[in-house]
Amino acid sequence: MANTPRRVMLGALALLPALALAPLARADVSTSAASAFITQAGNQLLGVINGPDSTAQKAAALRGIVENIVAVDQVGQFVLGRYTNVATPAQKTEYMQLFHDLLAYNITAQIRADKGITFKVNNAQAQPGGTVIVDTTVNRPSAAPTDVGWVVQDVSGSPKIVDVVVEGTSLRVTERSDYASVIVSNGGQVSALLAAMQKQVAHVKSLSQ
Amino acid sequence: MVLKKTVPFLMLGALLAGCATPPPQSDTAAYQAYQEQNDPLQPTNRVFYKVNDVLDNNVLKPVAIGYKDITTTGFRQHVDDFATNLGEPARLVNFMMEGKSRLAGTALVRFLMNSTVGIGGIFDPATSVGYPETNTDFGLTLADWGVGEGPYLYLPLLGPSDVRDATNIPIEFLLTPTAAPPASTGLSVFSYSETGLSLVNTRTDLLGPIDQIKETALDPYATFRSLYRQNRASQLKQIEKRNVLTTPDWYPQPAQK
């Protein structure tokens, strides 16, 4: 019986290498794969934006592409942050639904406004945590060129966009503080965030019609 | 005299009245979020944010829209280059205080080259020959010395800042080239026009992004606060990244391995 703690210890030690290897088991995106993915995704988006379709058709097509190339669930999870532990399962489901809607509307509203956009992939750098940041220069008519970084991560076997970085500011970090502020201003209630999101969805919907 | 004595008290009163009440520590998520915001003067800050927003919507933004109609992207780039060049001496001094010799040298070369070859700073030939602009100011110098940012401040007219970066305002004023010669009416007119033009020019470049933030953010105030902090952190990182020291050719080179 005296041996039991030792056995537990040895067993735990035997498990250590397995734990250390666990992070390696996750497939990291290679820089070349990430660049290729961003080039392809960018061309796909621009094909729709600069194409001949009507505004409504374009919006629908863009929304489809965004759902495909952006890891919306992961971004939503990150944005909700520590409130994941506070929200009820029903609230979480509603939040994700609203987050999908908002992201799609926001991205398509921004992109649709600009015709004649071109972009160039500059380079790609591996980041700690298995992500790759792909630097691009986006040229829009009547505006100075903007450097935009796309953070790409492997999500269940395929590369997806998890963040957009412009001038050192991360979109998901900014959004997280935006959402957290709504919750803090309303006494820590997640329901207040959901109400604000519903209002915003209704607002952007009315704009895009 | 009475007014002089009471005004500071009134202001102090306004500041204290504008302090936010932190949530109880037992409510972990709310308390952590409050700490992370680092914005104890939030009620006062939000008042100034609203005032600035009204001013912006009624004055600055309409002017910027009109300005955009009568100018080209190229013209606005030259106005921007001109204002950047006037800021170069202040950057030189700040880089020296930060001990960033490479960047101080770059700021000096940029000022000399752009003021002469670049016709008073209207053009930026220095960037094309390998001396790009790196931004710094007294707030970033203090950050480099290890001073924390302190609580967030939203200043009337000037916008997002924090206790550390607010020290920038008097320093920047003293370090512009126009502060060097003796004061004169002509110089003041030039100085005000330059500041005004530069302000409108910058606002014009931000017409799209600011509208977009106000349109899409749930709480634009918090969004601007986060953007300001991230932007400052990224400027600080860029200074570290760009200050690469190399051994000059005339100095005994380290032995090749």
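About the cut-offs
Residues numbered from 1 in each chain as written. Chains lettered and ligands numbered in written order. Predicted model: local features only at pLDDT ≥ 70, side-chain atom pairs only at ≥ 80, totals over all residues. Heavy atoms only, no water. Helix = DSSP H or I, 4+ residues; strand = E, 2+ residues; numbered from the N terminus. Buried < 20%, exposed > 50% of the residue type's maximum accessible area, 1.4 Å probe, protein only. Polar contact = N/O pair within 3.5 Å; in protein donor to acceptor, adjacent residues only side chain to side chain. Contact = heavy atoms within 4.5 Å. Arc of directions from axis to C-beta. Pairing = 2+ DSSP bridges. Expected span 1.5 Å × (residues − 1). Salt bridge = Lys/Arg side-chain N within 4 Å of Asp/Glu carboxyl O.

J.: Please clarify how the side chain of R203(B) should be interpreted in this entry.
T.: Tracing the backbone shows R203(B) in helix α10 (residues 185-205). The exposure class of R203(B) is buried, given its relative accessible area of 5%.

J.: What should I look at first to understand the side chain of R225(B) in this one?
T.: Relative to the assigned elements, R225(B) resides in helix α12 (residues 220-242). A polar contact is formed between the side chain of R225(B) and the side chain of D39(B), at a distance of 2.8 Å. Those residues in contact with R225(B), other than ones at most four positions away along the chain, are S181(A), Q37(B), D39(B), Q42(B) and Y152(B).

J.: Would you mind showing me how to read helix α4 (residues 72-80) of chain A here?
T.: For an α-helix the count is 3.6 residues per turn, leaving residues at separations of three or four pointing the same way. Residue and element names in this part refer to chain A. Regarding α4, the residues found buried are V72, V75, G76, V79 and L80. Along α4, the residues classed as buried sweep out an arc of 130° about the axis, all on the same side. Looking one or two places after α4, you find G81, whose phi comes out positive at around 55°.

J.: Is there a simple way to think about the pairing of strand β1 (residues 118-126) of chain A in this case?
T.: Residue and element names in this part refer to chain A. Pairing of β1 with strand β2 (residues 132-139), which is carried by 8 bridges, proceeds in the antiparallel orientation. Of the residues in β2, the one forming a bridge with T118 is N139. The loop that links β1 with its antiparallel partner β2 comprises 5 residues; one of these, G129, has a positive phi angle of about 95°.

J.: Is there a simple way to think about helix α6 (residues 101-116) of chain B in this case?
T.: All names here are of chain B. Look at α6: 23 Å from first C-alpha to last across 16 residues, which is about the 22 Å you get at 1.5 Å a residue. Taken as a whole, α6 has its buried residues at L103, A104, T106, A107, R110 and N114. Buried residues of α6 fall within an arc of 160° about the axis and therefore sit on the same side. In this structure, α6 carries L112 and T116 as exposed residues pointing more than 90 degrees from its buried face.

J.: Before we go on, may I ask you to explain the pattern of salt bridges in this structure?
T.: As a working rule, side chains carrying opposite charge can pair if their charged atoms are close by. Across all of its chains, the model carries 19 salt bridges over all chains by this definition. Here R172(A) ties to D163(A) by a salt bridge, and the two come within 3.5 Å at their closest N and O atoms. The exposure class of D163(A) is buried, given its relative accessible area of 7%. The salt bridge partner of D219(B) is R46(B), with a shortest N-O separation of 2.8 Å. Here R46(B) lies in helix α3 (residues 42-70) and D219(B) lies in the loop between α11 (207-216) and α12, a separation of 173 residues in the sequence. Overall, R46(B) belongs to the partly exposed group, its relative accessible area being 24%. Among the ionic contacts, a cluster of salt bridges with common partners joins E88(B), R91(B), R110(B), D124(B) and E133(B).

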